[in-house]
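Observations on the model geometry
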Amino acid sequence: MKEQLAKIRAEALAAFDGVKDAAALDELRVKYLGKKGELTAVLKQMGRLTAEERPAMGALANEVRAAVESALDAAAGKLEAAALSARLKAERVDVTIPGKPVRQGRRHPMNTALEEMKEIFIGMGFTVLDGPEIELAELNFDRLNAGEGHPSRDWSDTFYFDTDERVMLRSQTSPMQVRAMDSMPLPIRMIAPGRVYRKDEVDATHSPMFHQVEGMVIDKGVTMADLKGTLATVAQRLYGPDTKTRFRPHHFPFTEPSCEMDVQCHKCGGKGCPTCKGEGWIELLGAGMIHPRVLEMAGIDPEEWSGWAFGFGLDRLAMLRYKIDDVRLIFENDVRFLEQF
Ligand code: DAH
């Protein structure tokens, strides 16, 4: 029995020492320490011993069990440590490897022009409004004093949705004037940038979709002098403090009087060059004093309130500013083009 115990101890210690994984370790635990294990089998034979032999053999058996158990713990500890170090090795991150470069995009030139525009007007107390591109003809035309039969309503110019011409892609941002008058308390100072649509053939200066910025002021005692002063200031903010502007009479159905504003060509200083097509001046926007009928249709008393409005093409502004000679480049979004700004 003594020999049996010694053999178990020697075999078990050797086996635990060489164990490779947790499953094998568990098998060994069952084999030596389990209820049907080798040690238990030996202890069952204790009954055959004499009363004098038993205490010494019992002590020896306990000693062997303790030795086998501590060998088991040691082996389990070794396996755990090995697993941890394997994991640390596998999941190691080399913090000295240079990072992957992040490709940084940039603003579209149109957006830069728009942001600049917004900043100027917000600085003068204007609110920026957003409105629908699918618009009622009523707001795009009727409420802007362009009733039935007005040439701008023609099918050849306008994208209508239905045969009775009630719904359309807005052909100008001017219906935002009506939306502002209908929804905002007076006085109003607003700009409304956005896309507009016209049945234009595509060429270097025309696209069936382009961008406008509408602006409107309604208050008491507002005059043409406010219109001129404000818009001349905007031109100077855009093109420099020495920028000269001129106002020419024009016609729009929703303003009276109406005008167009030109800026002196910033390229040639007014002498005439390819940028201004030899004119010395570049047309920038349409504007005017809001027609009393437009105010009346919005329920605003033209005897008490007056206002002015303007609209300009943002694409044209961006083209002038960045010397872009073909409007199609603005919409194609070729990165080789966009990267230049
Ligand atoms: N909506 C006009 C256009 O598309 C531009 C315009 C002219 C807007 C005069 C205005 C304005 O607000 O007062 O040609």
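So, a few notes on the structure that sits alongside this text. (Residues numbered from 1 in each chain as written. Predicted model: local features only at pLDDT ≥ 70, side-chain atom pairs only at ≥ 80, totals over all residues. Heavy atoms only, no water.)

Overall, the coordinates contain 9 aromatic pairs when judged by the stated rule. Seen from their ring centres, Phe121 and Phe126 are 5.0 Å apart, and the 70° between their planes marks the pair as edge-to-face. Among the residues examined, Phe126 registers a relative accessible area of 7% and is labelled buried. Between the aromatic rings of Trp155 and Tyr160, the centroid separation amounts to 4.9 Å while the plane-to-plane angle is 40°, which identifies the pairing as tilted. When its relative accessible area of 39% is taken as the criterion, Trp155 is described as partly exposed. Under the relative-accessibility criterion, Tyr160 is labelled buried at 11%. (Phe/Tyr/Trp six-rings, centres within 6.5 Å; stacked < 30°, edge-to-face > 60°. Buried < 20%, exposed > 50% of the residue type's maximum accessible area, 1.4 Å probe, protein only.)

Another aspect to go through is the site of the ligand. As a structural note, the neighbourhood of the ligand is formed by 15 residues, with Gln172, Ser174, Gln177, Arg198 and Glu214 the closest of them. Separating a nitrogen atom of the ligand from a side-chain N or O atom of Ser174 is a distance of 2.9 Å. Within the contact set of the ligand, an oxygen atom lies 2.8 Å away from a side-chain nitrogen or oxygen of Arg198. Summarising the interface, the protein chains cover 89% of the accessible area of the ligand, which totals 350 Å² for the free molecule. Only strand E5 (209-219), strand E8 (281-290) and strand E9 (306-313) provide two or more residues apiece to the shell around the ligand. (Near = heavy atom within 4 Å. Polar contact = N/O pair within 3.5 Å; in protein donor to acceptor, adjacent residues only side chain to side chain. Areas by Shrake-Rupley, 256 points an atom, 1.4 Å probe, with all protein chains shown as cover. Helix = DSSP H or I, 4+ residues; strand = E, 2+ residues; numbered from the N terminus.)

The next point concerns the sheet that holds E8. On the basis of which strands lie adjacent, the open sheet formed by 7 strands has the order E1-E4-E5-E9-E8-E7-E6 and mixed pairing. Pairing within the sheet leaves two strands with one partner each, and these edge strands are strand E1 (127-128) and strand E6 (245-252). Across 8 bridges, strand E7 (residues 255-264) lies against E8 in antiparallel orientation. Following the sheet pairing, Gln264 is matched in E8 by Trp281. (Pairing = 2+ DSSP bridges.)

Our next topic: the pattern of salt bridges. For the structure on display, the rule yields 20 salt bridges. Among the salt bridges present, the one from Glu63 reaches Arg9, with a minimum N-O distance of 3.0 Å. Here Glu63 is found in helix H4 (residues 53-90), whereas its partner Arg9 is found in helix H1 (residues 2-17), with 54 residues between them in sequence. For Glu283, the salt bridge identified is with Arg316, shortest N-O distance 3.9 Å. (Salt bridge = Lys/Arg side-chain N within 4 Å of Asp/Glu carboxyl O.)

With that settled, the discussion passes to the nonpolar core. Counting residues in hydrophobic clusters, the biggest one holds 42 residues, and the most contacted among them are Trp308, Phe310 and Leu317. Not counting residues within four places of it along the chain, the set of residues in contact with Phe310 comprises Phe121, Ile191, Val213, Glu214, Gly215, Met216, Leu231, Leu285, Gly286 and Ala287. Counting residues in hydrophobic clusters, the runner-up holds 21 residues, among them Leu5, Leu25, Met46 and Ala61. (Core = buried A, V, L, I, M, F, W, Y, C linked by side-chain atoms within 4.5 Å. Contact = heavy atoms within 4.5 Å.)

To continue, consider the environment of Ala56. Mapped onto the elements of the fold, Ala56 is located in helix H4. We classify Ala56 as exposed; its relative accessible area is 55%. Sequence separation between Ala56 and Leu28 is 28 residues, and the spatial gap between their C-alpha atoms is 27 Å.

What follows covers the pairing of E6. The pairing of E6 with E7 spans 7 bridges and is antiparallel. What sits directly across from Arg246, in E7, is Asp262. Adjacent in sequence and paired antiparallel, E6 and E7 are bridged by 2 residues.

The subject of this paragraph is the pairing of E5. Most of E5 sits inside the fold, with 9 of its 11 residues counted as buried. In the sheet, strand E4 (residues 188-197) pairs with E5 via 10 bridges, with the strands oriented antiparallel. Note that in E5 the partner of Ile191 across the bridge is Gly215. Relative to E9, E5 runs antiparallel, the two sharing 8 bridges. Residue pairing across strands places Asp219 opposite Ser306, the latter belonging to E9.

Over its 15 residues, helix H5 (residues 109-123) extends 21 Å from the first C-alpha to the last, a length consistent with the 21 Å expected when each residue adds 1.5 Å. Within H5, burial applies to Pro109, Met110, Ala113, Leu114, Met117, Ile120 and Phe121. Taken end-on, H5 shows its buried residues confined to a sector of 140°, consistent with a single buried face. What points out from H5, more than 90 degrees from its buried face, is the exposed set Glu119 and Gly123. With its phi angle positive at about 90°, Gly125 sits one or two positions after the end of H5. (Expected span 1.5 Å × (residues − 1). Arc of directions from axis to C-beta.)

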